[in-house]
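# Commentary on secondary and tertiary structure
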Amino acid sequence: MPRVLQKAGKLAALYTDFWAGSLIRIAAGKTKVKHLRSLAHRFHPQLADAPVFSWNARSLMWEASLRKSRDVYSGFTEIGNRFAVRVRDALKQRNDLGPDSIFFSYDTGALEAMEWCRGRGVRCVLNQMDPGRLEVELVRQEEKLWPGWAIQPLEVPETYFKRREKESAAADRIVVNSDFCQEQLVKQGIPPDKVIVIPLCFEPMLPDPRLPLSNRPLRVLFLGQIILRKGIQYLMQAARLLEDENIQFDIVGPMGISADATTSAPRNMAFHGRTTRDQTVDWYRRSDVFVLPTLSDGFAITQLEAMSYGLPVVATPCCGEVVTNGVDGFIVPPRNADALAEILRRYLAEPELLRHQQEAALVKIKHFSLDRIRTGLNSLENHLCGTK
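So, a few notes on the structure that sits alongside this text. (Residues numbered from 1 in each chain as written. Predicted model: local features only at pLDDT ≥ 70, side-chain atom pairs only at ≥ 80, totals over all residues. Heavy atoms only, no water.)

### Some thoughts on the nonpolar core
- By size, the foremost hydrophobic cluster in this structure holds 36 residues, and its most contacted members are Leu235, Phe249, Met269, Val291, Val314, Leu344 and Tyr347.
- Elements supplying a minimum of two residues to this core: β7 (218-223), α10 (232-241), β8 (247-252), β10 (289-292), α14 (337-349) and α15 (351-364).
- Grouped together as the second largest cluster of nonpolar side chains are 26 residues, Ala13, Ile79, Ala171 and Ile174 included. (Core = buried A, V, L, I, M, F, W, Y, C linked by side-chain atoms within 4.5 Å. Buried < 20%, exposed > 50% of the residue type's maximum accessible area, 1.4 Å probe, protein only. Helix = DSSP H or I, 4+ residues; strand = E, 2+ residues; numbered from the N terminus.)

The structure is reproduced here in structure tokens:
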């Protein structure tokens, strides 16, 4: 978003929690600590000359306190408040804000700044990343269906929901990244014309690779949080149905299910744990198919990452609309292990289908560009200007 606005000459300021200057990038690049190495990525050369403001030291303190907290969602609420107050106080120092200005922010970290902006006639846009209450209710249902699988039950305090609902009410428009997320917000009472869908984008960093077909096992990759919301339980069921087939399932990402759950996995499924950004590339390259059996996702950018490496994607409709069914992957119903297993079995039986979909994936990724976000933001700006 800020890169698009900067290129269009419309970015008055970017306020962010952490921004990596040159010294930070050099130091972070030399360390072997994964968390510190990731700080080097909090920068983009296209924003090198942009007016960026951050609170690096305080943000590291906030994150440290969050990591120690047992009540993560209360931590999100507290940190969101602190960040929004910092932004509000910074905005108070500006003399260029008025009815022609637009304040764009992300949920949980927007409320105090947004309320101050509205009091001065500034139009406010909130980018909401997930469906909120309905997503939490869904996860709680899964915990009942799969007892003992979650490492700890999902507990979300009412204060977290209330904060996000106040932000939604204060916004002139709400941006979401998928039709699925828009539908879920409308179910919760938000007017349909208040919600605008702008899909995410992804820019491949490397030349388009072509994955060779061979007699080795079909490598199926799941990459992301290993949690009930992502549908890992149904992927495990599908793997068990395919235990006698020539298929290998690689599960990569931070573990969010119990040891008992992982030890019950079939022998064709391997858990590899958390990975670094550079290691992620290797997983995409060595795989044939990407699976996303998610039950609820605002978008899931891993779909685009996978396609940029020539992987067809098998996903549910509960995320961003990326896959064209039967062309560059398949859409399967959520919670349906049989359907998922049948699609993977089909790839084994029809290697030409796999090859064609791999080629189609490389074509599809080109549609999710910065230009698409630019078009969405222009439409959003037109909608807002029409309301004043």
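### Concerning empty space enclosed by the protein
- Summed over all chains, the structure comprises one cavity of 30 Å³ or more.
- If you go around the largest cavity, the residues you meet are Tyr234, Pro293, Thr316, Val332, Pro333, Arg335, Asn336 and Leu340.
- Split into classes, the residues belonging to the lining of the largest cavity amount to five nonpolar, two polar and one charged. (1 Å grid on protein atoms, 1.4 Å probe; cavity = no way out; pocket = protein on both sides within 12 Å on 5 of 7 lines; lining within 4 Å. Points joined across faces, edges and corners; volume = space filled by probe spheres on them. Nonpolar A, V, L, I, M, F, W, Y, C, P; charged D, E, K, R; others polar.)

### Some points on helix α4 (residues 56-68)
- For α4, with 13 residues, the first-to-last C-alpha span of 19 Å sits near the 18 Å given by 1.5 Å per residue.
- Of the positions making up α4, those classed as buried are Asn56, Ser59, Trp62 and Leu66. What you see down the axis of α4 is that its buried residues fit within an arc of 120°, all on one side. Across α4 from its buried face, at more than 90 degrees, point the exposed residues Ala57, Met61 and Lys68. (Expected span 1.5 Å × (residues − 1). Arc of directions from axis to C-beta.)

### Some remarks on the sheet that holds β10
- The strand order β9-β8-β7-β10-β11-β12 describes an open sheet built from six strands, whose pairing is parallel. Across the chains shown, the open sheet's two edge strands, defined by having one partner strand only, are β9 (269-273) and β12 (329-331). Neighbouring strand axes in the sheet, compared pairwise and without regard to direction, differ in orientation by 20° on average.
- Across four bridges, the pairing between β8 and β9 is parallel. Counterpart to Asp250 in the pairing with β9 is Ala270. (Pairing = 2+ DSSP bridges. Axes fitted to C-alpha atoms, helices over the stretch in contact; angles between N-to-C directions.)

### Focus: the sheet that holds strand β5 (residues 173-176)
- Reading across from one edge, β3-β4-β5-β6 is the order of the four strands in this open sheet, with parallel pairing throughout. Both outer strands of the open sheet, β3 (102-106) and β6 (195-197), are each paired with one neighbouring strand and no more. Strand-to-strand twist in this sheet, taken as the mean axis angle between neighbours without regard to direction, amounts to 25°.
- Bridge count between strand β4 (residues 123-127) and β5: three bridges; the pairing is parallel. Paired with Leu126 across the strands is Ile174, a residue of β5.
- On the sheet, helix α6 (residues 111-118) packs against β3 and β4 and is oriented at approximately 160° with respect to β4. (Contact = heavy atoms within 4.5 Å.)

### What about the packing of aromatic side chains?
- Taken as a whole, this structure holds 14 aromatic pairs when the rule is applied.
- Between the aromatic rings of Phe299 and Phe368, the centroid separation amounts to 6.4 Å while the plane-to-plane angle is 65°, which identifies the pairing as edge-to-face. Of the two residues, Phe299 sits in the loop between β10 and α13 (302-308) while Phe368 sits in the loop between α15 and α16 (370-385), which places them 69 residues apart along the sequence.
- The buried category is assigned to Phe299, whose relative accessible area is 3%.
- The buried category is assigned to Phe368, whose relative accessible area is 3%.
- Here the aromatic cluster, defined as three or more aromatic residues joined through ring pairs, consists of Tyr15, Phe53, Trp55 and Phe83.
- Directly above the aromatic system of Phe43 lies the positively charged group of Arg25, at a separation of 3.6 Å from the ring centroid.
- Its guanidinium or amino end placed over the ring of Trp283, Arg286 lies 4.3 Å from that ring's centre, counting from NZ or CZ. (Phe/Tyr/Trp six-rings, centres within 6.5 Å; stacked < 30°, edge-to-face > 60°. Lys NZ or Arg CZ within 6 Å of the ring centre and 35° of its normal.)

### Let's talk about the pairing of β4
- Of all the five residues making up β4, five are buried; the element is thus mostly covered by neighbouring parts of the structure.
- Here β3 pairs with β4 via five bridges, running parallel. If you follow Tyr106 over to β4, its bridge partner there is Asn127.

### Comments concerning the environment of Pro153
- Locating Pro153 in the fold gives a position in the loop between α7 (133-145) and α8 (158-170).
- Measuring from C-alpha to C-alpha, the distance between Pro153 and Arg164 comes to 21 Å, with eleven residues separating the pair along the chain.

### Digging into the pattern of salt bridges
- For the structure shown, the criterion picks out 28 salt bridges.
- Between Arg345 and Glu245 there is a salt bridge, with the nearest N and O atoms lying 3.4 Å from each other. Here Glu245 lies in the loop between α10 and β8 and Arg345 lies in helix α14, a separation of 100 residues in the sequence.
- We classify Arg345 as partly exposed; its relative accessible area is 28%.
- Judged by its relative accessible area of 34%, Glu245 is partly exposed.
- A salt bridge links Lys364 to Asp328, with the nearest nitrogen and oxygen atoms 2.8 Å apart. Of this pair, Lys364 sits in helix α15 while Asp328 is found in the loop between β11 (313-315) and β12, placing the two residues 36 residues apart along the sequence.
- A residue is classified by how much of its surface remains accessible, and Asp328, at 2% relative accessible area, is buried.
- A single network of salt bridges, built from pairs that share partners, joins Glu135, Arg229, Lys230 and Asp297. (Salt bridge = Lys/Arg side-chain N within 4 Å of Asp/Glu carboxyl O.)

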